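Working through the structure, step by step
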Amino acid sequence: MSALNPQRTINELKELRALTGDADGAQRVAFTPTWAKARAWYRAKLAELPVDVHQDAAGNLWATLKGKSESALIIGGHIDSVPNGGWLDGCLGVLTGLEVLRRIAAAGTPAVTVRVVDWADEEGARFGRSLFGSSGFSGSLVADELRNLVDKQGIKLPDAVKAHGIDLDRMTDAAVEQKNAKAYLELHIEQGPVLLSKDLPMGVVLGTFGVERHAITFTGQAAHSGSTPMSHRKDALGGVSKLHLAVREIAVKHGAVATVGSVTTKPGIVTSVVAEAEMTLDQRHLDATALAAMYNEARTESERIAKEENIGVAWRKIWTIQPFPFHPDLIEFGDAAIKETCGVSHRLPSGPLHDAAEVCRTGIPTVMLFVQSLHGISHNKIEDTKEEHLAMAVQAMDKLASKTINWIERNA
Ligand SMILES: [Zn+2]
């Protein structure tokens, strides 16, 4: 019986980096020859295991180890990267899944079916649609919104994915893969500074943030900067200035985050009071009720400020998504697996979205584990994690898989 071998995972991550990276970083952009090469390399590893391998209608690659029960545990990640990406983002999840699969397969037929999925195009780096394959799986993908997307070379998305065996109009047929799925686990690098700043190797993820993203336009009146007394001004930028400070306070009050990332003014000249000022607002929270409260408070505040400044205000929705809280039992197992491996654990939300959010959307119990990112940086060739932490991450995922398999059996 072969035991779990975390060093093998580290070696394979380096092998993949050598095969599909260059001096600028990882180059496994989905639906490119380098991505296909990465998948062929991964398929060759799977061929040594007693698993069925197939690509679903959305381009996701599944490896299935049949168990005594059809009830299935799914472990996932994504082998695609952004251009000039890091060596761990995404593929750590896939290759850890592979190692856990090896350990389970070596012990004979498992109690439940165990599947490892490599999601297609998590990053959306080429066409701008992230969570591509996993949204085909969840059914949230709308083909008509993607039909006319083109890459920098002018190649249309439907043509690019067709070359890899995907029919855009049939992608949501991948929902068939949800059958018998009882739990989903994903290991990912944190891509932020929280674990690093607390000097912790790993954390269990509570869920992915919901997002309220809006453009807010204040309308005042252009007037000469010399001849218009302060008391006579309708200064649109006054609205933006006050609201920016207000939304930061609202975020702090709710223990969340809010960002004003862009401000534009018209006429935008040094000698005129601002007639029109537009700001973008991005608010995020793990709790839907709290997120709704943050949004409502910002709106109310914007109207109060507009009255105070004698200007108008209008809101336009850019994009919203609900929070996806992970499963409480699986969060407990993840926490325990990390404590058993690292001695100490931490619970944290995920700012970035992950394929796990799309799986969670379908109602399949889901949880993620994060491992510390050095520099707190990702989507960059300097992305890195200590090898001892990578080894712990493989061990913790393996423990979490065992706990989850027992849980699926108990619930059957
Ligand atoms: Zn990723």
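As a starting point, this report considers the structure included with it. (Residues numbered from 1 in each chain as written. Predicted model: local features only at pLDDT ≥ 70, side-chain atom pairs only at ≥ 80, totals over all residues. Heavy atoms only, no water.)

The packing of two helices is summarised by the inter-axis angle and the distance between the axes. Across the interface, helix α1 (residues 6–20) lies against helix α2 (residues 33–46) with an axial gap of 10 Å and an inter-helix angle of 145°. Crossing hand, α1 versus α2: right-handed. Residues E12, E15, L16, L19 and T20 of α1 lie in contact with α2, whose contacting residues are T34, K37, A38, W41 and K45. Here the contact of α1 with α2 is composed, by residue class, of four nonpolar, two polar and four charged. (Axes fitted to C-alpha atoms, helices over the stretch in contact; angles between N-to-C directions. Helix = DSSP H or I, 4+ residues; strand = E, 2+ residues; numbered from the N terminus. Left-handed = near helix turned anticlockwise from the far one by under 90°. Contact = heavy atoms within 4.5 Å. Nonpolar A, V, L, I, M, F, W, Y, C, P; charged D, E, K, R; others polar.)

The protein atoms donating to the zinc ion are H78 (NE2), D89 (OD) and H188 (NE2), with metal-donor distances spanning 2.0 to 2.2 Å. Of note, the donors binding the zinc ion are all from one chain and are spaced H-x10-D-x98-H. Residue H78 is found in the loop between β5 (69–77) and α3 (91–106), and its partner D89 is found in the loop between β5 and α3; the two are separated by eleven residues along the sequence. Under the relative-accessibility criterion, H78 is labelled buried at 0%. Given the relative accessible area of 4%, D89 is considered buried. (Donors = N, O, S within 2.8 Å, 3.2 Å for Na, K, Ca; no water. Buried < 20%, exposed > 50% of the residue type's maximum accessible area, 1.4 Å probe, protein only.)

So, about the pattern of salt bridges. Going through the model one piece at a time under the given rule, you end up with 28 salt bridges. E12 serves as the salt-bridge partner of R102, at 2.7 Å between the closest nitrogen and oxygen. In this pair, R102 sits in helix α3 while E12 sits in helix α1, placing the two residues 90 residues apart along the sequence. There is no split in this pair, since R102 and E12 are both buried. (Salt bridge = Lys/Arg side-chain N within 4 Å of Asp/Glu carboxyl O.)

For the bond running from K266 to P267, omega is 0°, close enough to zero to count as cis. By the element assignment, P267 lies in the loop between β11 (263–266) and β12 (276–285). Unusually for a residue other than glycine, H375 sits at a positive phi of about 65°. Tracing the backbone through its elements, the reader meets H375 in the loop between β16 (366–371) and α12 (387–411). Its identity as a non-glycine residue notwithstanding, H379 has a phi of 55°, on the positive side. Its place among the elements puts H379 in the loop between β16 and α12.

A few words on the nonpolar core. Soluble globular proteins tend to bury their nonpolar side chains together. In this structure, Y42, L73, L101, F132, L185, M202 and L369 are the most contacted members of the largest nonpolar core, which totals 94 residues. Top contributing element to this core by residue count: α12, with eleven residues. Excluding its chain neighbours within four sequence positions, the residues that come into contact with M202 are L187, L195, I338, C342, S345, H346, L369, F370, V371, M392, A393 and A396. In this structure, V260, V274, A277 and I305 belong to the second largest nonpolar core, which totals 23 residues. (Core = buried A, V, L, I, M, F, W, Y, C linked by side-chain atoms within 4.5 Å.)

So, about the pairing of β5. Of all nine residues in β5, seven are buried, a share of seventy percent or more. Pairing analysis gives seven bridges linking β5 to strand β6 (residues 112–118), with the strands arranged parallel. What sits directly across from S69, in β6, is V112. For the crossover from β5 across α3 to β6, the handedness is right-handed. Here β5 runs beside strand β7 (residues 181–189); their pairing, made up of five bridges, is parallel. Each residue of the ladder has a partner; that of L73, found in β7, is A183. (Pairing = 2+ DSSP bridges. Right-handed = clockwise from strand over helix to strand, strands pointing away.)

In short, the description is geometric, and any link to function would need to be established separately.
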